[in-house]
Amino acid sequence: MVQVSNWLANRTSLFDSSGIREVFNLAKELKDPINFSIGQVDYPLPEPVKDSLIQSIERGQTNYTVTQGIAPLRERLKKQVQEQYNDPHRDLLVTSGTSGGLVLSMMALIDPGDEVIIFDPWFVMYESLPQLCGGVPVKINIYPDFRLDIQKVRDAITPRTKMIITNCPANPTGISFNREEIQQLSELAAENDICLISDEIYSKFSYDKEHVSPVEFNPETTVVDGFSKSHAMTGLRLGFAHGPAPIIAEMIKLQQLTFVCAPNPVQWAGVTAIDTPIDHHVDAFRKKRDYLADELSKYYDFVKPDGSFYFFPKLPNGVSGREFLTRAIEHNMLLIPGNVFSDQDTHFRIAYAVSESKLQQGVDVLKKIASS
Ligand SMILES: Cc1ncc(COP(=O)(O)O)c(C=O)c1O
C-alpha cells in the first residue's frame with residue numbers, strides 16, 4: 001500500500017499553520033462575528049483602481065508580462081524610490097504581493113545553515129521562509145515594550161548570520177522602531193556585512209511620525225512593499241521590492257522560474273493605485289487606534305501602537321491564548337492568540353480594521369472578558 005505522506009519533503013514538517021487556520025475555520029462557523037482576526041482593511045478597492053482593473057481586462061491584458069513588471073508601473077515605482085533615496089544603484093521589480101518579494105529575497109540570499117535574525121513577536125512568514133531555504137531563524141525577544149535593544153542583536157550575531165528582517169510598523173504589535181533604533185540596526189548590519197530586509201507593507205499606516213526606512217542609513221537594504229493593505233488589494237497580489245541592483249537582478253531571475261510575473265491587469269491597476277490617495281482611511285484608522293487605546297487602558301496592559309492596524313495586548317494573568325480565544329468566541333468575537341506569532345503565549349492580537357459599530361461591540365466584549 002502506497003503511503004503518500006511518506007513522499008512529503010522534510011521541510012513540510014518544519015512548521016505548521018494550524019493555529020491561525022483554526023481561527024479562520026472558526027470564523028466560518030460564527031454568524032456575523034466581531035472579527036478581530038483578519039489582517040486586511042475593511043474598505044473596498046478604491047473605485048479608480050477597480051475601473052482601471054476592469055478596463056485592463058477589457059483591453060485583453062491578461063497574458064504574461066515581462067517578469068520584472070510592466071514598464072509604466074515599474075518606472076513609476078522606480079521614480080518614487082529615486083526621489084526618496086537618490087541612489088542610482090537601486091533597482092526594483094514588481095512581485096506577486098509582498099509575500100512574493102519576501103520569498104524571492106529569501107531564495108536569492110539564504111543558503112542552508114545561514115542564520116536569519118527576526119524579532120519575537122514576528123510576522124508568521126519570517127519564521128517559515130528562512131527554513132524553506134534551509135536557513136535558521138534566530139529570534140530576538142523584544143517583549144515587553146517591543147523596542148530595539150541593539151546589544152541583544154549584537155549578541156545574537158555569529159559567523160553564520162546572513163540576514164536581519166525588520167518590519168515597521170509591525171505585525172502583530174503595531175510598533176515602529178524609532179529613527180535612532182532604525183539607524184542603530186542599519187549600521188550594525190552594515191558593519192557586520194549582514195543583509196537587511198525591511199518589510200514596509202504598513203508604512204503608509206504610520207499615525208504619529210513619518211515612517212523611517214533603514215535605506216536612509218544603509219543603502220544596501222532590500223525593501224519589500226506592496227498594495228495589499230494600502231489599497232485593499234489583498235486578493236489581487238501586487239507588491240514590489242527594491243534594493244541593490246545585483247540582488248534585484250537575482251530576484252528577477254528567480255521570479256522568471258517561479259511566479260513568472262505579477263497578474264497583468266492588476267499591474268495596470270497598480271499604476272492607478274499610485275495616484276489614489278488613502279489619507280482619509282489612514283485618518284480613520286488613527287481614530288480607531290486612539291479609541292481602542294483610551295477604552296482598553298484600564299483593562300489591559302499594552303503598548304500603544306504607532307501604526308498598522310493591530311493591537312497586541314497582554315493576556316489577563318494566568319489565562320492562555322487558547323483559553324482567551326474560547327472566551328472571546330463565547331461572545332461571538334475572534335482574535336488571534338499571540339503564540340501564533342511568538343515563542344511565548346502571553347499576548348493576543350486584535351486587527352481593528354473593522355466598522356465603528358463592530359469596534360464598539362468588540363471593546364464591550366473585551367472589557368467583559370478582561371477579568372471573567
Ligand atoms: C508584515 C507583513 N508582510 C507581508 C505580508 C504579506 O502581504 P501580501 O498580501 O502583500 O503578500 C503581510 C500580510 O499580512 C504582513 O502582515
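Note that this is a predicted model, so its numbers are computed, not measured. (Residues numbered from 1 in each chain as written. Predicted model: local features only at pLDDT ≥ 70, side-chain atom pairs only at ≥ 80, totals over all residues.)

A look at the overall build of the chain
Counting its regular elements, the chain contains 12 helices and 12 strands. The C-alpha radius of gyration of the chain comes to 21 Å, within 12% of the 21 Å expected for a compact globule of 372 residues. Overall, the chain is about 60 × 55 × 55 Å in size when its C-alpha atoms are taken along their principal axes. With 372 residues in all, the chain has 45% of them scored as buried. For the chain, the share of sequence-separated contacts (at least 6 apart) that also reach a separation of at least 24 residues comes to 75%. (Helix = DSSP H or I, 4+ residues; strand = E, 2+ residues; numbered from the N terminus. Rg over C-alpha atoms; globule rule 2.2 N^0.38 Å. Buried ≥ 20, exposed ≤ 12 C-beta atoms within 10 Å, placed from the backbone. Contact = placed C-beta atoms within 7 Å.)

Digging into the site of the ligand
Inspection of the region around the ligand gives 13 residues, with G97, T98, S99, N171 and S228 positioned closest. Considering every element that reaches the shell around the ligand, the biggest residue donor is helix α4 (residues 97-109), with 3 residues. (Near = placed C-beta within 6 Å.)

Description of the sheet that holds strand β4 (residues 136-141)
One key point about sheets: their strands pair by backbone hydrogen bonds, in either a parallel or an antiparallel sense. The strand order across the open sheet formed by 7 strands is β2-β8-β7-β6-β5-β3-β4, and the pairing between neighbours is mixed. Looking along the sheet, the strands with just one partner apiece sit at the ends: β2 (90-95) and β4. With strand direction ignored, the average angle separating the axes of adjacent strands in the sheet is 20°. Looking at chain direction, β2 and strand β8 (residues 239-244) are connected through 6 bridges and run antiparallel. By the bridge assignment for β8, L93 is matched with A241. Of the strands in this sheet, β2, β7 (222-226) and β8 touch helix α8 (residues 245-257), which is tilted by about 25° from β2. (Pairing = 2+ DSSP bridges. Axes fitted to C-alpha atoms, helices over the stretch in contact; angles between N-to-C directions.)

Here's the deal with the domain arrangement of the chain
Here the chain is described as being made up of domain 1 (4-45 + 278-369) and domain 2 (65-274). Using only C-alpha atoms to locate each centre, domain 1 and domain 2 end up separated by 24 Å. Taken together, the contact pairs 30 residues of domain 1 with 31 residues of domain 2. Contributing elements (two or more residues each) for the side of domain 1 that touches domain 2: α10 (279-296) and β9 (310-311). Looking at the side of domain 1 that touches domain 2, the element that brings in the most residues is α10, giving 4 residues. When grouped by side-chain class, the residues that make up the side of domain 1 that touches domain 2 number 18 nonpolar, 6 polar and 6 charged. (Domains from an automatic or database assignment. Nonpolar A, V, L, I, M, F, W, Y, C, P; charged D, E, K, R; others polar.)

Here's the deal with helix α9 (residues 264-274)
The buried count for α9 comes to 8 of 11 residues, which makes it a mostly enclosed element. Listed as buried for α9 are P265, V266, Q267, W268, A269, G270, T272 and A273.

Notes on the environment of D343
Position of D343 relative to the elements: it lies in the loop between β11 (336-337) and β12 (348-351). D343 sits in the exposed class, given 11 other C-beta atoms within 10 Å. The spatial distance from the C-alpha of D343 to the C-alpha of D120 is 7.3 Å, given a sequence separation of 223 residues. Apart from residues no more than four positions distant in its own chain, D343 is found in contact with D120 and K139.

Digging into the sheet that holds β9
Read across the sheet, 3 strands follow the order β9-β12-β11 without closing on themselves; strand pairing throughout is antiparallel. The strands lining the two open edges of the sheet, one partner per strand, are β9 and β11. As paired strands, β11 and β12 are joined by 2 bridges and run antiparallel to one another. By the bridge assignment, I336 is partnered in β12 with R349.

Points about the packing of α4 against helix α5 (residues 124-132)
It is at 10 Å that the axes of α4 and α5 come closest, and there the two elements cross at 35°. Relative to α5, the crossing made by α4 is right-handed. In this structure, α4 contributes S99, L102, V103 and M106 to the contact, and α5 contributes M125, L129 and P130. (Left-handed = near helix turned anticlockwise from the far one by under 90°.)

Observations concerning helix α12 (residues 356-369)
Along its 14 residues, α12 runs 20 Å from first to last C-alpha, staying within 8% of the 20 Å computed at 1.5 Å per residue. Among the residues of α12, those classed as buried are L359, G362 and L366. The arc enclosing the buried residues of α12, seen along the axis, measures out at 60°, which places them on a common side. Packed against the buried residues of α12 are β1 (34-35), α10 and β10 (333-334). (Expected span 1.5 Å × (residues − 1). Arc of directions from axis to C-beta.)

A word on the pairing of β2
Along β2, 6 of the 6 residues are buried, which leaves the element largely enclosed by surrounding structure. By the alternation rule, side chains of β2 split into R90, L92 and V94 and D91, L93 and T95, which are all buried.

A few points about the nonpolar core
For soluble globular proteins, nonpolar side chains are generally found buried alongside one another. With 92 residues, the main nonpolar core has F36, M163, A241, L335 and Y352 as its most contacted residues. In terms of residues, this core owes the most to one element, α4, which gives 6 residues. Each of domain 1 (4-45 + 278-369) and domain 2 (65-274) gives at least three residues to this core. When residues no more than four places from it in sequence are discounted, the contact partners of F36 are M333, L334, L335, I350, A351, Y352, V354 and G362. (Core = buried A, V, L, I, M, F, W, Y, C linked by C-beta atoms within 7 Å.)

Regarding the environment of C261
Among the secondary structure elements, C261 is positioned in the loop between α8 and α9. In the structure, C261 is positioned 196 residues away from T65 in sequence and 6.2 Å away in space, judged by C-alpha atoms. Residues contacting C261, with those up to four places away along its chain left out, are Y64, T65, V66 and T67.

What to know about the packing of α4 against α8
Following both chains from N to C, one finds α4 and α8 inclined at 110°, their axes separated by 9 Å at the closest point. Here α4 lies roughly perpendicular to α8, going by the angle between them. Only I247, E250, M251, L254 and Q255 of α8 make contact with α4, whose side of the interface consists of L104, S105, M107 and A108. Of the residues in the contact of α4 with α8, the class split is 6 nonpolar, 2 polar and 1 charged. (Parallel < 35°, antiparallel > 145°, perpendicular 65-115°, else oblique.)

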